Amino acid sequence: MNVKQAIDRMCEIEGKSQRTVSKEIGRNPSFLSTSMSKGSIPRVDTMATIARACGFELVLRGHGITIGLGDD
């Protein structure tokens, strides 16, 4: 799954439009749809914020540990 597919899937599962998620993370309402259509990939911190807005957590897994990103 690529980043665009992951964002689409998170929005679908949460029942939110990309426009709604964009507003919730403090961006222009067209932020996600515009950046995705241009092939842009969000920075890791932005991706973690998008994930949180959709009820997900962005994590790294390896070496037997899990590290949550975007945890304050």
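Residues numbered from 1 in each chain as written. Predicted model: local features only at pLDDT ≥ 70, side-chain atom pairs only at ≥ 80, totals over all residues. Heavy atoms only, no water.

1. Topic: the nonpolar core
Counting 14 residues, the largest nonpolar core has I7, M10, V21, I25, L32 and I50 as the members making the most contacts within it. Elements represented by at least two residues in this core include exactly α1 (3-14), α3 (31-37) and α4 (44-53). When sequence neighbours within four positions are dropped, the list of residues in contact with V21 reads C11, K16, L32, I50, A53 and C54. (Core = buried A, V, L, I, M, F, W, Y, C linked by side-chain atoms within 4.5 Å. Buried < 20%, exposed > 50% of the residue type's maximum accessible area, 1.4 Å probe, protein only. Helix = DSSP H or I, 4+ residues; strand = E, 2+ residues; numbered from the N terminus. Contact = heavy atoms within 4.5 Å.)

2. Side note on the packing of aromatic side chains
Evaluated as defined, the whole model comprises zero aromatic pairs. Between R27 and the ring centre of F31, over which it is positioned, the NZ or CZ distance is 4.3 Å. (Phe/Tyr/Trp six-rings, centres within 6.5 Å; stacked < 30°, edge-to-face > 60°. Lys NZ or Arg CZ within 6 Å of the ring centre and 35° of its normal.)

3. Describing the pattern of salt bridges
Inspection of every chain in the model, using the stated rule, returns four salt bridges. Here K16 makes a salt bridge to E24, at a shortest N to O gap of 2.6 Å. With a relative accessible area of 21%, K16 lands in the partly exposed category. The class of E24 is partly exposed, set by a relative accessible area of 45%. The partner of R43 in a salt bridge is D45, with the nearest N and O atoms 2.6 Å apart. (Salt bridge = Lys/Arg side-chain N within 4 Å of Asp/Glu carboxyl O.)

4. Here's the deal with the pairing of strand β2 (residues 65-69)
With five bridges connecting them, strand β1 (residues 58-62) and β2 associate as antiparallel partners. Bridge pairing in β2 places G62 opposite I65. Between the end of β1 and the start of β2, which pair antiparallel, lie two residues, with H63 showing a positive phi angle near 55°. (Pairing = 2+ DSSP bridges.)

5. Thoughts on the side chain of T46
The topology assignment puts T46 in helix α4. For T46, a relative accessible area of 8% corresponds to the buried category. Not counting residues within four places of it along the chain, the set of residues in contact with T46 comprises R27 and F31.

6. Describing the packing of α1 against α4
Following both chains from N to C, one finds α1 and α4 inclined at 20°, their axes separated by 9 Å at the closest point. Classed by the angle they form, the pair α1 and α4 counts as roughly parallel. Read as a crossing pair, α1 and α4 show a hand that is left-handed. Touching V3, A6, I7, M10 and E14 of α1 are M47, I50, A51 and A53, all from α4. Here the residues of the contact of α1 with α4 are counted per class, giving eight nonpolar, no polar and one charged. (Axes fitted to C-alpha atoms, helices over the stretch in contact; angles between N-to-C directions. Parallel < 35°, antiparallel > 145°, perpendicular 65-115°, else oblique. Left-handed = near helix turned anticlockwise from the far one by under 90°. Nonpolar A, V, L, I, M, F, W, Y, C, P; charged D, E, K, R; others polar.)

So far we have only geometry, and geometry alone does not tell us how the molecule works.
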